[in-house]
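Read off the chains here:
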Amino acid sequence: QVQLVESGGGLVQAGGSLRLSCATSRRIAADYAMGWFRQAPGKERVYVGAINWSSGSGYYADSVKGRFTMSRDVAKNTVYLQMNSLKPEDTAVYYCGLTYVSSANYSERRFYPYWGQGTQVTVSS
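Novice: With reference to specific residues and values, describe the side chain of Thr78.
Specialist: In this structure, Thr78 sits in strand β8 (residues 78–83). For Thr78, a relative accessible area of 7% translates into the label buried. One polar contact links the side chain of Thr78 to the main-chain carbonyl oxygen of Lys76, over a distance of 2.8 Å. Ignoring any residue separated from it by four or fewer positions in sequence, one finds Thr78 in contact with Ser21, Cys22, Ala23, Trp53, Ser71, Arg72 and Asp73.

Novice: Report on the side chain of Arg38, specifying residues and quantitative values.
Specialist: Here Arg38 is to be found in strand β4 (residues 33–39). At 2.8 Å, the side chain of Arg38 and the side chain of Asp90 are in polar contact.

Novice: Outline the environment of Gln1, supporting the account with residue identities and numerical values.
Specialist: Its location among the elements puts Gln1 in the segment before β1 (4–7). When the C-alpha positions of Gln1 and Gly56 are compared, they lie 24 Å apart, and in sequence the two are 55 residues distant.

Novice: Describe the packing of aromatic side chains, and please don't skip the residues or the numbers.
Specialist: Applying the stated criterion to the full structure yields 6 aromatic pairs. Taking the centre distance of 5.9 Å and the plane angle of 40° together, the rings of Tyr32 and Tyr100 count as tilted. Of this pair, Tyr32 sits in the loop between β3 (18–24) and β4 while Tyr100 is found in the loop between β9 (92–99) and β10 (114–115), placing the two residues 68 residues apart along the sequence. For the pair Tyr112 and Trp115, a centre-to-centre distance of 5.4 Å together with 40° between the ring planes defines the contact as tilted. Judged by its relative accessible area of 4%, Tyr112 falls in the buried class. What makes Trp115 partly exposed here is its relative accessible area of 26%. Above the face of the Tyr95 ring, Arg45 is positioned so that its terminal group lies 3.6 Å from the ring centre. Of note, Arg45 hangs over the ring of Trp115, and the distance from its end group to the ring centre comes to 4.9 Å.

Novice: For the sheet that holds strand β7 (residues 68–73), give the residues involved together with the corresponding values.
Specialist: With antiparallel pairing, 4 strands are arranged side by side in an open sheet as β1-β3-β8-β7. One side of each edge strand has no neighbouring strand; the edge strands of this open sheet are β1 and β7. Each strand of the sheet is rotated relative to its neighbour by a mean of 15°, with strand direction disregarded. As judged from the 6 bridges shared by β3 and β8, these two strands associate in the antiparallel manner. Bridge pairing links Ala23 to Thr78 in β8.

About the criteria used
- Residues numbered from 1 in each chain as written.
- Predicted model: local features only at pLDDT ≥ 70, side-chain atom pairs only at ≥ 80, totals over all residues.
- Heavy atoms only, no water.
- Helix = DSSP H or I, 4+ residues; strand = E, 2+ residues; numbered from the N terminus.
- Buried < 20%, exposed > 50% of the residue type's maximum accessible area, 1.4 Å probe, protein only.
- Polar contact = N/O pair within 3.5 Å; in protein donor to acceptor, adjacent residues only side chain to side chain.
- Contact = heavy atoms within 4.5 Å.
- Phe/Tyr/Trp six-rings, centres within 6.5 Å; stacked < 30°, edge-to-face > 60°.
- Lys NZ or Arg CZ within 6 Å of the ring centre and 35° of its normal.
- Pairing = 2+ DSSP bridges.
- Axes fitted to C-alpha atoms, helices over the stretch in contact; angles between N-to-C directions.

As structure tokens, then:
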């Protein structure tokens, strides 16, 4: 019943920027969070960050801290991932997910029951 749709991926030069979006047709409950994960070819899907819906507070993996920023548009039920200073190692399919656990568990895949289809981000080297 819950559907998430990522968009905004593409090919970008190293050092460039992209903004990903994740939209849902349903209102996101105040106690939910939206997370971002990424998966490179042949690699495990790993945590990028998450944003608490009610507070707007962002949580980031060390690998992207200082370069990536999340925000949300409550009226549009949409979360954004602004990615700056992109590196080739950021190349992956990026997925958004919905969770209702506390921030201590945001990085754990198993706590996300809903996922989008992913959007490809490729950073040229």
